[in-house]
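Now for the letters of each chain:
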Amino acid sequence: MALEDEVDEIFRREVKSLPAYAKAQAASGSGVAPPVDEMNHLLMGLAIATQRSLHLLAQRIENMQKA
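Fair warning: this is a prediction, and the values are worked out from it, not measured in the lab.

This brings us to the nonpolar core. Of all hydrophobic cores here, the largest spans seven residues; its members are I10, V15, A20, A24, L42, A49 and L56. Of all the secondary structure elements, the ones that give two or more residues to this core are α1 (3-16), α2 (19-27) and α3 (36-66). Broken down by element, this core gets its largest block of residues, three residues, from α3. Among all residues touching L56, those that are not within four sequence positions of it are L3, E6, V7 and I10.

Written out as structure tokens, the structure is:
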């Protein structure tokens, strides 16, 4: 699987599945922000997805160096 697809899958699993993501998407452009707790969950999901994506990239680089 291509790195781009794997990273997209990670973000889809960690962020887009959160209820806060759907609420933030629905509220975009309305001028009404979702509650802080929901935004904190969304931010945490983004942080986890970013961390996992960077680990995946590091593994790929390490595997390339070994080959």
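There's more to say after this.
Counted at 1.5 Å a residue, the expected span for α3 with its 31 residues is 45 Å, and the 45 Å between its end C-alpha atoms agrees. Buried within α3 we find E38, L42, G45, A49, S53 and L56. Of the surrounding secondary structure, the elements contacted by the buried residues of α3 are α1 and α2.

The next thing to look at is the pattern of salt bridges. Following the criterion strictly, the structure yields seven salt bridges and no others. Measuring nitrogen to oxygen at the nearest pair gives 2.2 Å for the salt bridge that ties E6 to R60. Taken together, the residues span a long stretch of sequence, with E6 in helix α1 and R60 in helix α3 at a distance of 54 residues. Between R12 and D8 there is a salt bridge whose closest N-O contact spans 2.5 Å. Taken together, the residues span about one helical turn, with R12 and D8 both in helix α1 at a distance of four residues. On the basis of relative accessible area, D8 is assigned to the partly exposed category, the value being 32%. Three or more residues are tied together by salt bridges with common partners; here these are E9, R13, E14 and R52.

Cut-offs applied
- Residues numbered from 1 in each chain as written.
- Predicted model: local features only at pLDDT ≥ 70, side-chain atom pairs only at ≥ 80, totals over all residues.
- Heavy atoms only, no water.
- Core = buried A, V, L, I, M, F, W, Y, C linked by side-chain atoms within 4.5 Å.
- Buried < 20%, exposed > 50% of the residue type's maximum accessible area, 1.4 Å probe, protein only.
- Helix = DSSP H or I, 4+ residues; strand = E, 2+ residues; numbered from the N terminus.
- Contact = heavy atoms within 4.5 Å.
- Expected span 1.5 Å × (residues − 1).
- Salt bridge = Lys/Arg side-chain N within 4 Å of Asp/Glu carboxyl O.

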